[in-house]
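Per-entry structural report
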Amino acid sequence: MIKEFFRKRSIHACVVNTGGCNGCDIEILTLIASRYDIEQYGIYIHNNPREADLLIVTGPVTLPWKDRLKELYEKTPEPKVVIAVGACALSCGIFKEGHVCGPVDRIIPVDGVIPGCPPRPAQIIEAILKVVPTSIAEREKVIKEEISQ
Ligand code: SF4
């Protein structure tokens, strides 16, 4: 119970741009500024996958990013959550005809999606607060079951 409470107020995120146009990343950056002040919701962006609970992935996954994205996913400790942000991350968007190997869910497991090109900052905050605590609790349950077997 206490753990769940603190989980909601302490979400550490790492943002990964896998080759998008930076539009989504600019929207994510505005979350840190005073207008949205994402830290008031207990969400901290520090871009170290080894300390992250959440990977926020943007872009269509260009060829050089395929292995790097898998590496970053492996470096992120369990229980972890992945949210794909923007049309490119969800379906390769305007880069569909280019040299891409996405979308993101073809490379790593995705727990939540935020559509839009780019999505609004408020949508991103709402999705993180909705998806992360429940997904982390579910993953913890699965890990505990695996350990007890
Ligand atoms: S979804 Fe739109 S804004 Fe985001 S990276 Fe793709 S093209 Fe850029």
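Everything below is about the structure printed above this text.
These lines cover the structure that appears in this document, whether it is placed above or below. Not measured: the values here are computed from a predicted model.

So, on to the sheet that holds strand β3 (residues 54–58). The strand order across the open sheet formed by 5 strands is β2-β1-β3-β4-β5, and the pairing between neighbours is parallel. Taken across any chain shown, the strands that pair with only one partner, and hence form the sheet edges, are β2 (43–45) and β5 (112–114). The average angle at which neighbouring strand axes cross in this sheet is 25°, direction not considered. Where strand β1 (residues 11–17) lies against β2, 3 bridges are found, and the strand directions are parallel. Within β2, the position partnered with His12 by the bridge is Tyr44. Of the strands in this sheet, β1, β3 and β4 (81–85) touch helix α3 (residues 65–75), which is tilted by about 170° from β1. Against the sheet, helix α5 (residues 121–148) makes contact with β1, β2, β3, β4 and β5, and its axis sits at roughly 155° relative to β4, the strand it touches most.

Turning our attention to α5. Taking 1.5 Å per residue, 28 residues should reach 40 Å; α5 reaches 40 Å between its end C-alpha atoms and fits that length. Taken together, the buried positions of α5 are occupied by Pro121, Ile124, Ile125, Ala127, Ile128, Val131, Val132, Pro133, Ser135, Ile136 and Glu140.

Turning our attention to the nonpolar core. Core analysis: the largest hydrophobic core is formed by 22 residues, its most contacted members being Leu54, Ile56, Ile83, Val85, Ile128 and Val132. Those elements that place two or more of their residues in this core are β1, α2 (23–30), β3, β4 and α5. A total of 7 residues in this core trace back to one element, the largest contributor, which is α5. Those residues in contact with Ile83 that lie beyond four places of it in its chain are Leu54, Leu55, Ile56, Val57, Gly112, Ile114, Ala127, Ile128, Val131 and Val132. Formed by 17 residues, the second largest nonpolar core is a distinct cluster that contains Ala52, Val57, Val61 and Trp65.

Quick notes on the rules
Residues numbered from 1 in each chain as written. Predicted model: local features only at pLDDT ≥ 70, side-chain atom pairs only at ≥ 80, totals over all residues. Heavy atoms only, no water. Pairing = 2+ DSSP bridges. Helix = DSSP H or I, 4+ residues; strand = E, 2+ residues; numbered from the N terminus. Axes fitted to C-alpha atoms, helices over the stretch in contact; angles between N-to-C directions. Contact = heavy atoms within 4.5 Å. Expected span 1.5 Å × (residues − 1). Buried < 20%, exposed > 50% of the residue type's maximum accessible area, 1.4 Å probe, protein only. Core = buried A, V, L, I, M, F, W, Y, C linked by side-chain atoms within 4.5 Å.

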